[in-house]
Amino acid sequence: MNKIGVYVLTLGPVQTNVYIAYNKESLECFIVDPSAQAGNIIDTIKEHNLKPVAILLTHGHFDHIMAVNELVKEYNIKVYISKFDDEMLYDSRKSGGSSFIGSGYVTKADVLLNDGDVLHLLDKDIVFIATPGHTKGSGCYYIADEKLLFSGDTVFREDCGRTDLYGGDNPSIIKSIYEKVLTLPDDVNILPGHMDMTTVAHEKKYNPVAIYVKKHGIDR
């Protein structure tokens with residue numbers, strides 16, 4: 001029986017998935033990519049009597065961070081992000097906020113992560129998997145025994161994140177998806193930053209990155 005449950009809210013100007021993962025026994029929770037509309041997130045937390053312990057950011061784009069400050073103020077919890085995307089949190093040009101929504105929104109992280117770092121939250125080990133390409137510091141959070149991967153904008157259902165913004169790199173995202181995501185067990189559930197949930201098995205078969213690499217190989 002799974003010990004972790006997940007509530008999903010789709011919020012903000014570009015319909016970003018916000019995940020509230022919680023321990024079904026302790027009711028401790030962490031929030032992945034609080035995109036916007038902090039009140040909606042707080043209401044969900046209150047409705048289910050959850051106890052926030054952290055905010056996990058998959059990358060630094062504006063549409064994944066705009067509720068961070070309000071949640072930190074409300075719950076006094078730490079914010080985690082890759083060390084390579086920390087710069088995006090205090091530079092709205094790099095995060096895209098100033099160009100996409102005309103906002104100078106900035107925030108900060110408390111813990112900067114390296115590839116393979118293990119967080120112990122909700123009585124679970126959560127591995128940070130660096131998956132550069134969408135941004136320099138894009139990463140996924142993996143709970144192996146729950147078969148859950150929070151993938152941010154690295155991989156979507158039958159798609160992948162764009163690479164034409166600051167820090168993006170197309171060869172890097174291809175390598176990240178093929179070597180870091182599609183090598184996970186087939187039954188791992190992928191919870192992406194946008195659109196619907198998928199699985200590793202489904203993406204091995206239908207993701208354009210997998211199809212491309214099978215035809216052309218991978219640039220090393």
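Residues numbered from 1 in each chain as written. Predicted model: local features only at pLDDT ≥ 70, side-chain atom pairs only at ≥ 80, totals over all residues. Heavy atoms only, no water.

Novice: Can you help me understand the overall build of the chain in this one?
Specialist: Along the chain, the regular secondary structure elements total eight helices and 14 strands. Taking 17 Å as the expected radius of gyration for a compact globule of 220 residues, we find that the chain reaches 16 Å, a close match to that expectation. The principal-axis extents of the C-alpha atoms in the chain amount to approximately 50 × 45 × 25 Å. Put simply, the chain has 220 residues, and 54% of those count as buried. Across the chain, contacts joining residues at least 24 apart in sequence account for 59% of those joining residues at least 6 apart. In the form shown here, the chain has an accessible surface area of approximately 9,800 Å², with 49% of it arising from carbon and sulfur atoms. (Helix = DSSP H or I, 4+ residues; strand = E, 2+ residues; numbered from the N terminus. Rg over C-alpha atoms; globule rule 2.2 N^0.38 Å. Buried < 20%, exposed > 50% of the residue type's maximum accessible area, 1.4 Å probe, protein only. Contact = heavy atoms within 4.5 Å. Areas by Shrake-Rupley, 256 points an atom, 1.4 Å probe, with all protein chains shown as cover.)

Novice: What is the right way to look at the sheet that holds strand E4 (residues 51–56) in this model?
Specialist: Strand-to-strand pairing in sheets goes through backbone hydrogen bonds, with the strands running parallel or antiparallel. Taking strand neighbours across the sheet as the criterion, the six strands line up as E1-E2-E3-E4-E5-E6 in an open arrangement whose pairing is mixed. This sheet does not close on itself; its edge strands, each paired only once, are strand E1 (4–11) and strand E6 (111–113). On average, each strand axis in the sheet is tilted by 25° relative to the strand beside it, whichever way the strands run. Inspection of the sheet shows strand E3 (residues 28–32) paired to E4 by five bridges, in the parallel sense. (Pairing = 2+ DSSP bridges. Axes fitted to C-alpha atoms, helices over the stretch in contact; angles between N-to-C directions.)

Novice: Just checking my understanding: could you explain unusual backbone geometry for this structure?
Specialist: The bulk of non-glycine residues show a negative phi, and the bulk of peptide bonds are trans. A positive phi angle, near 55°, is found at Asn76, a position not held by glycine. A relative accessible area of 70% places Asn76 in the exposed class. Even without a glycine there, the phi angle at Asp123 is positive, about 65°. Locating Asp123 in the fold gives a position in the loop between strand E7 (118–121) and strand E8 (124–130). Asp123 gets classed as partly exposed once you look at its relative accessible area, which sits at 47%.

Novice: I keep staring at the sheet that holds strand E10 (residues 148–152) and nothing clicks. Help me out?
Specialist: With mixed pairing, the six strands of this open sheet are ordered in space as E7-E8-E9-E10-E13-E14. This sheet does not close on itself; its edge strands, each paired only once, are E7 and strand E14 (198–199). Looking at chain direction, E8 and strand E9 (residues 139–143) are connected through four bridges and run antiparallel. Bridged to Ala130 within E9 is Gly139.

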